[in-house]
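This is what each chain is made of:
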Amino acid sequence: FRSTETKERPIGSLIVEVKESETGEPISQARLTLQFQEPGDVTRLKPPKKFTYSAKTNAQGRYKFTNINKGTIHLYVTMERHQSFGKEFEFDKDNQVFEVKLKKPQPLL
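Residues numbered from 1 in each chain as written. Predicted model: local features only at pLDDT ≥ 70, side-chain atom pairs only at ≥ 80, totals over all residues. Heavy atoms only, no water.

Draft legend 1. A look at the sheet that holds strand 3 (residues 49-56). In space, the four strands of this open sheet follow the order 3-2-5-6, with antiparallel pairing throughout. Unpaired on one side and paired on the other, strand 3 and strand 6 (85-91) mark the two borders of the sheet. Looking at each pair of strands side by side, their axes are set apart by 20° on average, direction ignored. Bridge count for strand 5 (residues 71-78) against strand 6 is seven bridges, and the pairing is antiparallel. Looking at strand 6, one finds that Tyr 76 is bridged to Gly 86. (Pairing = 2+ DSSP bridges. Helix = DSSP H or I, 4+ residues; strand = E, 2+ residues; numbered from the N terminus. Axes fitted to C-alpha atoms, helices over the stretch in contact; angles between N-to-C directions.)

Draft legend 2. Geometry of the pattern of salt bridges. Considering all chains together, one arrives at seven salt bridges under this definition. The salt bridge partner of Lys 101 is Glu 99, with a shortest N-O separation of 2.6 Å. The exposure class of Lys 101 is partly exposed, given its relative accessible area of 42%. Relative accessible area serves as the criterion here: at 41%, Glu 99 is assigned to the partly exposed category. (Salt bridge = Lys/Arg side-chain N within 4 Å of Asp/Glu carboxyl O. Buried < 20%, exposed > 50% of the residue type's maximum accessible area, 1.4 Å probe, protein only.)

Draft legend 3. Structural view of the packing of aromatic side chains. Tallied over the full model, the rule gives five aromatic pairs. For the ring pair Phe 36 and Phe 51, a centre distance of 5.2 Å and an interplane angle of 15° mean the geometry is stacked. Of the two residues, Phe 36 sits in strand 2 (residues 31-38) while Phe 51 sits in strand 3, which places them 15 residues apart along the sequence. Among the residues examined, Phe 51 registers a relative accessible area of 23% and is labelled partly exposed. (Phe/Tyr/Trp six-rings, centres within 6.5 Å; stacked < 30°, edge-to-face > 60°.)

Draft legend 4. Representation of the sheet that holds strand 7 (residues 96-102) within the structure. Strand order in this open sheet of three strands is 4-1-7, and the pairing throughout is mixed. Edge positions in the sheet fall to strand 4 (62-69) and strand 7, since each of these pairs with one other strand and no more. Sheet twist, expressed as the mean angle between neighbouring strand axes with direction ignored, is 25°. Of the pairings in the sheet, the one linking strand 1 (residues 11-20) to strand 7 comprises seven bridges and is parallel in character. Its bridge partner being in strand 7, Leu 14 is matched across the sheet by Gln 96.

Draft legend 5. Region of interest: the nonpolar core. Core analysis: the largest hydrophobic core is formed by 19 residues, its most contacted members being Leu 14, Val 16, Val 18, Phe 65, Ile 68, Ile 73 and Val 77. For this core, the secondary structure elements donating two or more residues are strand 1, strand 2, strand 4, strand 5, strand 6 and strand 7. Setting aside residues no more than four positions away along its own chain, Ile 68 makes contact with Pro 10, Ile 11, Gly 12, Leu 14, Leu 34, Phe 36, Tyr 53, Ile 73 and Phe 91. (Core = buried A, V, L, I, M, F, W, Y, C linked by side-chain atoms within 4.5 Å. Contact = heavy atoms within 4.5 Å.)

Draft legend 6. Structural detail: the pairing of strand 2. By the bridge criterion, eight bridges tie strand 2 to strand 3 in an arrangement that is antiparallel. Bridging from a neighbouring strand, Phe 36 pairs with Phe 51 of strand 3. Pairing geometry for strand 2 and strand 5, over six bridges, is antiparallel. Across the sheet, Arg 31 pairs through a bridge with Thr 78, a residue of strand 5.

So, in structure tokens, the structure goes:
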């Protein structure tokens, strides 16, 4: 009996789509920060490595990250005149789409 699971972590592409929460309009030039961890290898005394990628959305409010390790990812989205967004996601399918809706800032009272 042989396990079909390989030592290497599966890698894939993921798509982030950023929209205005009220109107559903795509938000262009939103700043994306994606963080994920490459697991270490205990047998080789290799500690886990953290990766951070930065990007900006296109005119359709989208950006495609490639060669991302599947597993838990942290996604942060910032845009002028909008509330910041940060969330942890499970990335498990290739070309998975993560939709983010940015809100306008709360008016100061």
